[in-house]
Structure formats: structure tokens, C-alpha cells
Amino acid sequence: MSNSFDTPNIVPMVNIYEFEQDKTDLAHNDDGITAITSLIEQRVEVDAVFESRQLLVDLAKASGGHIRQLMQIASQAFLTAATRDREKVTADDIIYAIKQEQFNFERSISTEYYSALAAVCVNKDVSKDEIGRLMLFSLWVFEYNGKNRWNYVNPVVRQIHAFQEALKSATSSP
């Protein structure tokens, strides 16, 4: 039997979540958050660069465990703080950086895909078709490995109003 797709290049995520099949809003895993925050801590003097250490945790949560997304948001936050003549990165700078990433996703996600994204959030699994492949390759959905292989919607995508509405529709009782 041949595979209808080429072998996908899945970027490994650091698992920052506590997997629970029946929950759509997963709690964060402290070990995963620590692993992600350490990547920034190894590169900058945190107390000299950030207004508070909590901002590092906020960055880690927004990354979804995706290293490139972490660095993109951090870079935007650093640039924003610098252009606003701030000595340290503030919560407003982090929020602005995350929003810019969110707006990029909003531009790329067609309305028709939000119900499929909501299904991933509910089922923790991406569909094995072109839409599922698009969601993975476009980083709208991340894959996590450990005891199981599972998927979850990118935390920045989860902030989009259209996604939240689709999730509400998917989880409301008939």
C-alpha cells in the first residue's frame, strides 16, 4: 500500500501542555514551559531585558512549544520595545508581538478552515487529508509526541475570534 503523501516534515514541539483528551483548553506543563523559557534565558540576561520573569512564561505559552515561533515573537517584542524607547520589554510589547503573529495567521486562514481547526482542538487529532496537511504545514496546528502522538491548535490561532466561534459551535450541545 502506498502512502498518498510524501513523508511530512514535522517540526518537533516541546510539549508545554498537560494532555487531556476530553478538554479543549489544556493546562500547561511546568517542565515544558521551563524548557522553553530556558532557551531565552540562555540567550539574554532576562532581568536586564524583561520587565518581569512572567513575560518569559507568557512568551513560552504563546509559542506552543514551537521554537521558531518563540523566537519570532520574542524578536518582535524586542524590536517593539526598542522602537518605543523602552529600556526593558513590557507586557504591552509581548501582547503587541503576539497580536502581530495572530494577524498574520488571520490573513492566511480562510473562513472555511475554522471548523476543521475546532475539530482538532476537540479531537486532538488532525484529519488525514489535504486540509489536515495544510493545517500542519501552515503551523495552524502543532504535533506533539510522547506516550502518544497528538495535535493541538497553535495558541496564537486559538486567540482568533473566528476560531473561538467555531470552537463554541463545535462544543455546544445540540
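A.B. asks: Even after reading the chapter, I still don't get the side chain of Glu101, so can you show me in this structure?
C.D. replies: With respect to the element layout, Glu101 can be found in helix H5 (residues 91-108). It is Arg68 that comes nearest to the buried, bridge-free Glu101 among opposite-charge side chains, at 7.4 Å.

A.B. asks: What's the story with the packing of helix H4 (residues 67-83) against H5 in this structure? I'm lost.
C.D. replies: Between two packed helices, what matters for the description is the angle formed by their axes and the separation of those axes. Their axes nearest at 8 Å, the elements H4 and H5 cross at an angle of 125 degrees. In terms of their interaxial angle, H4 and H5 are classed as oblique. Taken as a pair, H4 and H5 cross one another with a handedness that is right-handed. Taken together, the residues of H5 that come into contact with H4 (itself represented by Gln69, Gln72, Ile73, Gln76, Ala77, Thr80 and Ala81) are Asp93, Ile94, Tyr96, Ala97, Ile98, Glu101 and Phe105.

A.B. asks: Mind showing me how you'd approach the pattern of salt bridges here?
C.D. replies: Oppositely charged side chains can pair when the atoms bearing their charge come close. What the rule picks out here adds up to 11 salt bridges. With a shortest N-O distance of 3.6 Å, Glu143 and Arg149 are connected by a salt bridge. Given the relative accessible area of 11%, Glu143 is considered buried. Through salt bridges with shared partners, one network takes in Asp125, Lys128, Glu143 and Arg149.

A.B. asks: Would you take a moment to explain the nonpolar core for this structure?
C.D. replies: Nonpolar side chains tend to gather and get buried jointly when the protein is soluble and globular. Phe50, Ile109 and Leu117 are the most contacted members of the largest nonpolar core, which has 49 residues in total. Excluding anything up to four places from it in sequence, Leu117 contacts Ile109, Met135, Trp140, Val141, Val153, Val157 and Phe163.

A.B. asks: Help me understand the environment of Gly146, please; the structure alone is not making it clear to me.
C.D. replies: Among the structural elements, Gly146 can be located in the loop between strand E1 (141-145) and strand E2 (149-153). As a C-alpha pair, Gly146 and Gly132 span 14 residues in sequence and 20 Å in three-dimensional space.

A.B. asks: I tried to follow the confidence of the model for the protein on my own but got confused; where do I start?
C.D. replies: Regions with low pLDDT should not have their predicted coordinates read in detail. Put simply, the protein has an average pLDDT of 92, and 92% of its residues get 70 or more. Mean pLDDT values over the elements of the protein span from 93, in E1, up to 98, in helix H8 (residues 155-158).

A.B. asks: When you look at the packing of aromatic side chains in this model, what are you seeing that I'm missing?
C.D. replies: Each aromatic ring pair is summarised here by two numbers: the centre-to-centre distance and the angle between the ring planes. Taken as a whole and assessed by the stated rule, the structure comprises seven aromatic pairs. Measuring from ring centre to ring centre gives 5.8 Å for Tyr17 and Tyr144, while their planes differ by 90 degrees; the resulting arrangement is edge-to-face. One end of the pair, Tyr17, is in the segment before helix H1 (30-41); the other, Tyr144, is in strand E1, and 127 residues separate them in sequence. Given the relative accessible area of 4%, Tyr17 is considered buried. The interplanar angle of 45 degrees and the centroid separation of 5.6 Å between the aromatic rings of Tyr113 and Trp140 together place this pair among those described as tilted. Of the two residues, Tyr113 is situated in the loop between H5 and helix H6 (114-123) and Trp140 in the loop between helix H7 (130-137) and E1; the sequence distance between them amounts to 27 residues. For the pair shown, Tyr113 and Trp140 are each scored as buried. Every member of this aromatic cluster is reached through a ring pair, and the members are Tyr17, Phe19, Tyr144, Trp150 and Tyr152. Across the ring face of Tyr96, the terminal group of Arg84 is positioned such that the distance to the ring centre comes to 5.0 Å.

Calculation rules
Residues numbered from 1 in each chain as written. Predicted model: local features only at pLDDT ≥ 70, side-chain atom pairs only at ≥ 80, totals over all residues. Heavy atoms only, no water. Helix = DSSP H or I, 4+ residues; strand = E, 2+ residues; numbered from the N terminus. Buried < 20%, exposed > 50% of the residue type's maximum accessible area, 1.4 Å probe, protein only. Lys, Arg positive; Asp, Glu negative; His and termini not counted. Salt bridge = Lys/Arg side-chain N within 4 Å of Asp/Glu carboxyl O. Axes fitted to C-alpha atoms, helices over the stretch in contact; angles between N-to-C directions. Parallel < 35°, antiparallel > 145°, perpendicular 65-115°, else oblique. Left-handed = near helix turned anticlockwise from the far one by under 90°. Contact = heavy atoms within 4.5 Å. Core = buried A, V, L, I, M, F, W, Y, C linked by side-chain atoms within 4.5 Å. pLDDT = per-residue confidence, 0-100. Phe/Tyr/Trp six-rings, centres within 6.5 Å; stacked < 30°, edge-to-face > 60°. Lys NZ or Arg CZ within 6 Å of the ring centre and 35° of its normal.

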